[in-house]
Amino acid sequence: MPNSVKYTEEELVSLLKESNAEAFSYLYDSYSGALYGAILKVITDQTLAEDILQEVFVKIWNNIQTYDSSKGRLFTWMINIARNHTIDTTRSKGFKKQSKIQSSENSVDESGTHNEIRESFDAMGIRKQVNLLKEDHQQLIDLAYFNGLTQKEISEQLSIPIGTVKSRMRAAIIELKKIVFRTN
């Protein structure tokens, strides 16, 4: 039977900073699905994604003292850790070698997984809130957070200067924060 204890974000962060294992278990149960979905947007290998998810939670546990609520919500901090760790993994030599070795016969059809990812984000209301942004802001958030692209990659894909991407991304995040705080 799942634990019915619920924490506010402030209580959860405080307990995590005290190395409370029960709070960490709650954190994992509450957020692992969403973080796993974000990882799968970048890496389609489910086994590797599961390994990365475990590494991400170890990083969260080891670095919770660096979390600063004045800079953003806990989920945003964790999704950035997951995204950055996943991207670092894809850029590693071992990953590149493994990708070359895999044959197309062993590729898994990910159509179901993409739907599951969308549903997990929809269940959290994030997609709904992103859809309230202006179209160009939606596009940037989608490319960065749902597709795992860097700002440089977004710049290249959209054929716009990196500085424009950065300023639009900043504006998009500010707007998204306003929407989130209005709806919560």
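Everything below is about the structure shown above.
Not measured: the values here are computed from a predicted model.

**Observations regarding the nonpolar core**
Alright, step 1. Of all hydrophobic cores here, the largest spans 30 residues; its most connected members are L27, L35, I60 and L74.
Alright, step 2. When contributions to this core are tallied by element, the ones reaching two or more residues are α1 (9–17), α2 (21–42), α3 (46–63) and α4 (74–91).
Alright, step 3. Among the elements that take part in this core, α2 stands out by supplying 10 residues, more than any other.
Alright, step 4. In contact with I60, not counting residues within four places along its chain, are L27, L35, W77, M78 and I81.
Alright, step 5. With 16 residues, the next largest nonpolar core counts L140, L143, A172 and V180 among its residues.

**A few points about the pattern of salt bridges**
Alright, step 1. Applying the stated rule across the entire model yields three salt bridges.
Alright, step 2. Between E156 and K152 there is a salt bridge, with the nearest N and O atoms lying 3.8 Å from each other. Note that E156 and K152 are positioned in helix α9 (residues 151–158) at a spacing of four residues, about one turn of the helix. Comparing E156 with K152, the two get one shared label, exposed.
Alright, step 3. We note a salt bridge from K178 to E175, for which the minimum N-O separation is 3.4 Å. Of the two residues, K178 and E175 both sit in helix α10 (residues 162–183), three residues apart, roughly one turn of that helix.
Alright, step 4. Under the relative-accessibility criterion, E175 is labelled partly exposed at 31%.

**As for the packing of α3 against α4**
Alright, step 1. Direction vectors running N to C along α3 and α4 enclose 130 degrees, while the axes themselves pass 9 Å from each other. Overall, the two elements α3 and α4 adopt an arrangement that is oblique. Crossing hand, α3 versus α4: right-handed. Contact residues: α3 offers L48, I52, E55, V56, K59, I60 and N63, while α4 offers W77, M78, I81, A82, H85, T86 and T89.
Alright, step 2. Among the residues making up the contact of α3 with α4, the classes are represented as eight nonpolar, four polar and two charged.

**Quick word on the packing of aromatic side chains**
Alright, step 1. Tallied over the entire structure, the rule returns six aromatic pairs.
Alright, step 2. Between F24 and W61, the aromatic rings sit 4.9 Å apart at their centres with planes inclined by 70 degrees, giving edge-to-face as the arrangement. Remark: W61 occurs in helix α3 and F24 occurs in helix α2; sequence separation between them is 37 residues.
Alright, step 3. For W61, a relative accessible area of 30% gives the class partly exposed.

Rules used in this analysis
- Residues numbered from 1 in each chain as written.
- Predicted model: local features only at pLDDT ≥ 70, side-chain atom pairs only at ≥ 80, totals over all residues.
- Heavy atoms only, no water.
- Core = buried A, V, L, I, M, F, W, Y, C linked by side-chain atoms within 4.5 Å.
- Buried < 20%, exposed > 50% of the residue type's maximum accessible area, 1.4 Å probe, protein only.
- Helix = DSSP H or I, 4+ residues; strand = E, 2+ residues; numbered from the N terminus.
- Contact = heavy atoms within 4.5 Å.
- Salt bridge = Lys/Arg side-chain N within 4 Å of Asp/Glu carboxyl O.
- Axes fitted to C-alpha atoms, helices over the stretch in contact; angles between N-to-C directions.
- Parallel < 35°, antiparallel > 145°, perpendicular 65-115°, else oblique.
- Left-handed = near helix turned anticlockwise from the far one by under 90°.
- Nonpolar A, V, L, I, M, F, W, Y, C, P; charged D, E, K, R; others polar.
- Phe/Tyr/Trp six-rings, centres within 6.5 Å; stacked < 30°, edge-to-face > 60°.

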